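Residues per chain, in single letters:
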Amino acid sequence: MLLDCVVIGGGPSGLNASLVLARAKKNIILFDDDKPRNAITHESHGFITRDGIKPSEFKRKAKEDLMKYPNISVHNQRVIDIRKENQYFIIHTDDGNDYRSAKVILSTGMKDVMPDIKGMHDFYGTSLFNCPFCDGWELKDRALVVISENERAFHMTKMIFNWSKDLVVCTNGNKIFSKEQKELLTKNSIIVIEEKIVTLKGENGHLEKIQFNNGEEIVREGGFVTTGLEQASPLAQNLGCIMNNMGGIETDDFGRTNIEGVYASGDNRMSAPSQLIIAASEGCKVAMGVISDLVNEDFKW
Ligand SMILES: Cc1cc2nc3c(=O)[nH]c(=O)nc-3n(C[C@H](O)[C@H](O)[C@H](O)COP(=O)(O)OP(=O)(O)OC[C@H]3O[C@@H](n4cnc5c(N)ncnc54)[C@H](O)[C@@H]3O)c2cc1C
């Protein structure tokens, strides 16, 4: 059977793209291997009507919405290869099956690369986070740390200052601040520690202390980390999609990549802040792009 479109990735972006495609009578399959970036968190915030929802519950509700439409199937599988044959795509999944589709949407998301600090994984997602818009309210006015080894440190610290004035920024042994930046941080009573971190300490995911190379310890209740980001799937690069200088997939406003018939939406474009509601809205837009291209191909001119 020839599908109108396959959507790869069942995060908010792929789920919303699937909804809009289904409602346009398109025959589609959504493939998702269910390893989203935010799986580590207990609650998601900032999506109106869903504030505080568990990420798994968000997905369950979204899939319930999709099940109303008989023209969509959801397959819990990883897509491992896509190749173009004439004007169609052959989509190969990890259970050995092949599917044929006119269009492909990549909503595959990004992966966080954490700083290599002992204890980091014990606290990330419970008291250490990467985005103040997502989790700043829960940590407001507490004794916080910003852990950053890269050039995003100054901007991140300045943003976190909105949620708490009790701030220490740790660079884990890296000299990343200019003299002027250090003076500005000090002027705002933000402590800069450039000593290497030995370990993070605490219990049940709740940060309590940070221990440094020189033996000193500071007390902190939580904070934010600047992580590195990489594509969660190599499919876009393997297809020959042009990438932008942030490591995201380059597209037009409706998600069209440089490969005809291949579209992208959500975090993997690295063109907007990482937020559920933004990823979902991009999913809506990319589906409109696909539908309008299918209409143009079907319509007799
Ligand atoms: C710790 C943390 C907390 C966050 N908290 C919030 C919050 O409170 N509020 C908020 O708005 N945002 C939050 N975010 C950001 C939010 O999670 C992302 O912006 C959003 O999930 C991006 O949606 P997406 O659909 O683009 O990608 P994702 O949600 O990452 O979904 C991508 C999906 O594609 C699947 N996939 C990838 N490759 C393949 C393949 N080859 N085959 C099949 N499936 C594949 C993955 O398994 C995954 O299920 C948080 C992020 C993190 C890291």
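What comes next concerns the included structure. Just so it is clear, the structure is predicted and the values come from calculations on it, not from any experiment.

Lining the immediate environment of the ligand, one finds 37 residues, of which D32, D33, K35, H45 and L276 sit closest. Note that an oxygen atom of the ligand is positioned 3.4 Å from one of the backbone N or O atoms of P12. One of the side-chain nitrogen or oxygen atoms of D32 is found 2.7 Å away from an oxygen atom of the ligand. Expressed as a share of its isolated accessible area of 1000 Å², the protein-covered part of the ligand is 99%. Only α1 (12-23) and α8 (276-298) provide two or more residues apiece to the shell around the ligand. The class makeup of the residues in the shell around the ligand is 11 nonpolar, 17 polar and nine charged. Mapped onto the domain boundaries, the shell around the ligand takes at least three residues apiece from domain 1 (2-111 + 228-298) and domain 2 (115-225).

Right, let's talk about the side chain of Q231 for a bit. Assignment of secondary structure puts Q231 in strand β16 (residues 228-231). For Q231, a relative accessible area of 11% gives the class buried. Only 2.9 Å separates the side chain of Q231 from the backbone oxygen of G247, close enough to count as a polar contact. The contacts of Q231, once residues within four sequence positions are left out, are T108, G109, M110, K111, Q237, M243, G247, G248, I249 and N268.

On to unusual backbone geometry, then. Despite not being glycine, D141 has its phi angle at roughly 60°, a positive value. Looking at the secondary structure, you find D141 in the loop between α4 (132-135) and β9 (144-147). The exposure class of D141 is exposed, given its relative accessible area of 65%. Of note in this structure, M270 is not a glycine but carries a positive phi near 50°.

For the pair α1 and helix α2 (residues 55-66), interaxial distance at closest approach is 10 Å and the crossing angle is 15°. Relative to α2, the element α1 is oriented roughly parallel. In this structure, α1 crosses over α2, and the sense of that crossing is left-handed. The segment α1 lies against α2, with P12, L15, S18 and L19 engaging F58, K59, A62, K63 and L66. A class-by-class count of the residues in the contact of α1 with α2 yields six nonpolar, one polar and two charged.

Right, let's get into the nonpolar core. Ranked by internal contacts, the top residues of the largest apolar core, which has 21 residues, are C5, L21, I72, I105 and V290. If you list the elements that add at least two residues to this core, you get β1 (2-8), α1, β2 (28-31), α2, β6 (98-106) and α8. Beyond its immediate chain neighbours, meaning those up to four positions away, V290 contacts C5, L21, K103, I105 and Y263. If you look at the next biggest cluster of nonpolar residues, it comprises 20 residues, including V6, F31, A236 and I259.

Basis of the calculations
- Residues numbered from 1 in each chain as written.
- Predicted model: local features only at pLDDT ≥ 70, side-chain atom pairs only at ≥ 80, totals over all residues.
- Heavy atoms only, no water.
- Near = heavy atom within 4 Å.
- Polar contact = N/O pair within 3.5 Å; in protein donor to acceptor, adjacent residues only side chain to side chain.
- Areas by Shrake-Rupley, 256 points an atom, 1.4 Å probe, with all protein chains shown as cover.
- Helix = DSSP H or I, 4+ residues; strand = E, 2+ residues; numbered from the N terminus.
- Nonpolar A, V, L, I, M, F, W, Y, C, P; charged D, E, K, R; others polar.
- Domains from an automatic or database assignment.
- Buried < 20%, exposed > 50% of the residue type's maximum accessible area, 1.4 Å probe, protein only.
- Contact = heavy atoms within 4.5 Å.
- Axes fitted to C-alpha atoms, helices over the stretch in contact; angles between N-to-C directions.
- Parallel < 35°, antiparallel > 145°, perpendicular 65-115°, else oblique.
- Left-handed = near helix turned anticlockwise from the far one by under 90°.
- Core = buried A, V, L, I, M, F, W, Y, C linked by side-chain atoms within 4.5 Å.

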